[in-house]
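Secondary and tertiary structure notes
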Amino acid sequence: MFDLNAWKARALCLGGLILAPFLRFLVRQEYGFLTWEAAAAAGLLALVTVLLSLALRGVWFRLFVLFAITVTATFPALGLTGFSSPYAPWIAAALLAAGSAVLMQRLKGNFFALLAVFTWGGWPAEVATHMWRARTPAMAYQAARAPHILWLILDEQIGLAGFPDNVPECVAARNRFAGVFERYNFTTFPRAYSNYPVTVDSLGSIFQGRLADYPEEHMPRAGWGHMRHYVMPANALIEEFHSQGYRAAVWQHGSVRICGRPAPWLDCRQYEDKLKWLERAPGGWTHRFRWLVSHYQATDPWFVRVKGFFPFRFGVKITGPLALEGFWPDGVAARVLSEARPTLFLAHLLAPHAPYLYRRDGSIRPIEEWGEDRADRRVDPEQYRRLYCRYCEQSEYVAAGLERLLARLEAAGSLQNMTVIIHGDHGPRILLSPDGLESQGSISPELLDYEGEPDPRDLADRFSALLAIKRRGASAPEIRTEAHSLLTLISRNVFEREPAGGAGCADQVYLADGQGVFHAIKIQDYWR
């Protein structure tokens, strides 16, 4: 019999609901248990567990257990069922609470014993699963030379003409990209730009082949709270290539899901932010502690409300480009070279997206340098320059990864027979304040905030986007200086047709107002 009169028994039961989920989180993140930050966080949750087990007895203990079950199990249960109704969390919570209460009443002390076994038993099972996966050997492959399409999207990568000329780091990044494209016979479009300053509308319009009628039309939101993400129900670009005989392999970030409809010929690989790479960041362990706790609290919409059972809450913090460490560029190269059948390889890479944590050599800056990077404010001239310095160093590191990928494909004899499209989704959205003072409140870079004529530099910061295309069998590089949108240029140079609705509309850029109505700006009138 499980003796609830003993505080240690109560602690074992509560620990399965408070501490064990955090330990499973560390396993999923492949984060070291023996780091100071992980030990401090686990120790703090253990202390909370002990204090609660000493303070709660009888009916209060049982009520707290029901509360903790509801908090920790509601969204995992929804993930298994796939329900998406806005009322689903409350329905699932009510069912969990009611079902647990009935079992608690019928099983008495055995309920708490089973609960402890169930909650703690999942942790070693998850450890064993991850160890097995980590030891799975990589598949051998024979380099294939099929006529593939390689389509790379570099998130927030500014165009070659958009780099600020007065920032040496930006000049170096632009030259690095230009050198790579010249070396591998790309046609570059330095003055290309996106139609929207936000990923879901910019990529959505390219994948669907037409402009959006309203924000998030092509990629609506799904999920709840901090688990919200954007999902493209169908990807017309992928399906068009499939109609031409191509299979598809896609890398998508969990927050922007571009694969579209599942299909037997579609290999959809989803990657997430993973904190294991944060151990490489220099600096005090307290900074990593904040990141670790904030990510854990954000794993569940209701964890955010109860602070993950920590006595404090940290704001949501992102690691952005670190999510690519597990597969870019070598994993992409290996996957391309292993495929003998004609395939579209489409990768949305979350770089050089903020935070700007990489130096040009790939080393990671101390967290205190990039921990507050965000695109929801206008900055003063000094901060504008500092942000662009770090952004461009990270951009140069992205160019080095791209060069490594192309060199490996060329060495295998596959690049010459391949079409490669590389582009950004919009500019970095590092915005200078018109009055020279940093904005006090937050702003939305995708919203219309021009009181008069837009500033050309501001338009570049929002809309300038990289575009480079290597056609199959290309033997010389080319620079095309015309200014057009990504939608227009990709329609003409990849699909050999005009954009839907004509270039007149497709060559304008769009900002939404507070009511979600797009307003067109003739960017070619300002950005010459």
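See the structure shown above.
Here we summarise the structure given alongside this text. (Residues numbered from 1 in each chain as written. Predicted model: local features only at pLDDT ≥ 70, side-chain atom pairs only at ≥ 80, totals over all residues. Heavy atoms only, no water.)

**Concerning the overall build of the protein chain**
Of the regular secondary structure elements, the protein chain holds 17 helices and 15 strands. Over its C-alpha atoms the protein chain spans a radius of gyration of 25 Å, differing by no more than 12% from the 24 Å that the globule rule assigns to 528 residues. Its C-alpha atoms put the protein chain at 80 × 60 × 45 Å along the principal axes. Evaluated residue by residue, the protein chain yields a buried proportion of 53% over its 528 residues. Taking the intrachain contacts of the protein chain between residues at least 6 apart in sequence as the baseline, contacts between residues at least 24 apart amount to 76%. Surface summary for the protein chain: the accessible area is close to 23400 Å², and the carbon and sulfur share equals 57%. Taking the 55 positively charged and 52 negatively charged side chains of the protein chain as two groups, their mean positions are separated by 9 Å. (Helix = DSSP H or I, 4+ residues; strand = E, 2+ residues; numbered from the N terminus. Rg over C-alpha atoms; globule rule 2.2 N^0.38 Å. Buried < 20%, exposed > 50% of the residue type's maximum accessible area, 1.4 Å probe, protein only. Contact = heavy atoms within 4.5 Å. Areas by Shrake-Rupley, 256 points an atom, 1.4 Å probe, with all protein chains shown as cover. Lys, Arg positive; Asp, Glu negative; His and termini not counted. Charge placed at Lys NZ, Arg CZ, Asp CG, Glu CD.)

**Quick look at the packing of helix α1 (residues 7–18) against helix α2 (residues 20–28)**
The geometry of α1 relative to α2 is characterised by a closest axis approach of 4 Å and an angle of 40 degrees between their N-to-C directions. One element, α1, and the other, α2, form an angle in the oblique class. Where α1 approaches α2, its residues Gly-15, Gly-16, Leu-17 and Ile-18 are matched on the opposing element by Ala-20, Pro-21 and Phe-22. Within the contact of α1 with α2, the residues separate by chemical class into five nonpolar, two polar and no charged. (Axes fitted to C-alpha atoms, helices over the stretch in contact; angles between N-to-C directions. Parallel < 35°, antiparallel > 145°, perpendicular 65-115°, else oblique. Nonpolar A, V, L, I, M, F, W, Y, C, P; charged D, E, K, R; others polar.)

**A look at unusual backbone geometry**
A cis amide bond, omega -5 degrees, links Trp-328 with the succeeding residue Pro-329. Positive phi values are uncommon outside glycine, yet Arg-429 reaches one of about 60 degrees. With respect to the helices and strands, the residue Arg-429 is situated in the loop between β10 (419–424) and β11 (431–432). The residue Glu-496 is not glycine, and still its phi comes out positive at about 55 degrees. Along the chain, Glu-496 turns up in the loop between α16 (486–493) and α17 (503–506).

**Describing the layout of surface pockets**
What the second largest pocket holds in volume is close to 300 Å³. Taken together, 16 residues make up the lining of the second largest pocket; nearest its centre are Leu-324, Glu-325, Trp-328, Pro-329 and Tyr-397. Counting only elements with at least two residues in the lining of the second largest pocket, the list comes to α12 (330–338) and α14 (381–411). In terms of residue count, α14 provides more of the lining of the second largest pocket than any other element does, five residues in total. Of the residues contributing to the lining of the second largest pocket, the split by class is 10 nonpolar, three polar and three charged. (1 Å grid on protein atoms, 1.4 Å probe; cavity = no way out; pocket = protein on both sides within 12 Å on 5 of 7 lines; lining within 4 Å. Points joined across faces, edges and corners; volume = space filled by probe spheres on them.)

**Regarding empty space enclosed by the protein**
By the definition in use, this model includes one cavity of 30 Å³ or more. The computed volume of the largest cavity comes to approximately 80 Å³. Around the largest cavity sit Ala-354, Tyr-356, Asp-373, Arg-374, Ala-375, Arg-377, Val-379, Leu-387, Pro-428, Arg-429, Ile-430 and Leu-431, which together line it. Within the lining of the largest cavity, the residues separate by chemical class into eight nonpolar, no polar and four charged.

**Some details on the packing of aromatic side chains**
Applying the stated criterion to the full structure yields 35 aromatic pairs. Between Phe-289 and Phe-312, the aromatic rings sit 6.2 Å apart at their centres with planes inclined by 65 degrees, giving edge-to-face as the arrangement. Of this pair, Phe-289 sits in helix α10 (residues 285–297) while Phe-312 sits in the loop between α11 (301–306) and α12, placing them 23 residues apart in sequence. On the basis of an interplanar angle of 70 degrees and a centroid distance of 5.3 Å, the ring pair of Trp-291 and Trp-370 is categorised as edge-to-face. Here Trp-370 lies in helix α13 (residues 367–370) and Trp-291 lies in helix α10, a separation of 79 residues in the sequence. Each member of the pair Trp-291 and Trp-370 is classed as buried. Over the face of the ring belonging to Tyr-184 we find Arg-183, whose NZ or CZ atom lies 4.6 Å from the ring centre. Above the plane of the ring of Trp-277 lies Lys-276, whose end atom (NZ or CZ) is 4.5 Å from the centre. (Phe/Tyr/Trp six-rings, centres within 6.5 Å; stacked < 30°, edge-to-face > 60°. Lys NZ or Arg CZ within 6 Å of the ring centre and 35° of its normal.)

**With respect to the environment of Arg-290**
Residue position: Arg-290 is located in helix α10. On the accessibility criterion, Arg-290 (33% relative accessible area) is partly exposed. C-alpha separation for the pair Arg-290 and Val-316, spaced 26 residues apart in sequence, amounts to 9.7 Å. Apart from residues lying up to four places away in sequence, Arg-290 is in contact with Phe-314 and Lys-317.

**Thoughts on helix α3 (residues 36–55)**
The terminal C-alpha atoms of α3 lie 28 Å apart, and with 20 residues this matches the ideal 28 Å at 1.5 Å per residue to within 8%. Of the residues making up α3, those classed as buried are Glu-37, Ala-38, Ala-41, Ala-42, Leu-45, Val-48, Thr-49 and Ser-53. One side of α3 holds all its buried residues, which, seen down the axis, span an arc of 145 degrees. Relative to its buried face, α3 has exposed residues pointing more than 90 degrees away, namely Trp-36 and Ala-55. (Expected span 1.5 Å × (residues − 1). Arc of directions from axis to C-beta.)

**A word on the environment of Asp-525**
Residue position: Asp-525 is located in the segment after β15 (518–521). Given the relative accessible area of 44%, Asp-525 is considered partly exposed. Residues Asp-525 and Ala-46, spaced 479 residues apart in sequence, show a C-alpha to C-alpha distance of 62 Å.

**Some remarks on the pattern of salt bridges**
Applying the stated criterion across every chain yields a total of 32 salt bridges. Among the salt bridges present, the one from Arg-221 reaches Glu-216, with a minimum N-O distance of 3.1 Å. Across the salt bridge formed by Arg-457 and Asp-461, the nearest N and O atoms sit 2.8 Å from each other. Of this pair, Arg-457 and Asp-461 are both found in helix α15 (residues 456–463), four residues apart, which corresponds to roughly one turn of the helix. Residues participating in the shared-partner salt-bridge network are Asp-267, Arg-269, Arg-335, Glu-339 and Arg-341. (Salt bridge = Lys/Arg side-chain N within 4 Å of Asp/Glu carboxyl O.)

**Focus: the nonpolar core**
Among the nonpolar cores identified, the biggest contains 54 residues, and Phe-22, Leu-26, Phe-61, Val-65, Phe-112, Leu-278 and Leu-292 are the most heavily contacted of them. A total of nine residues in this core trace back to one element, the largest contributor, which is helix α4 (residues 58–81). Among all residues touching Phe-61, those that are not within four sequence positions of it are Leu-4, Arg-10, Cys-13, Leu-14, Leu-56 and Phe-112. Counting 53 residues, the second-largest nonpolar core is a separate cluster that includes Ala-173, Ala-351, Leu-415 and Met-418. (Core = buried A, V, L, I, M, F, W, Y, C linked by side-chain atoms within 4.5 Å.)

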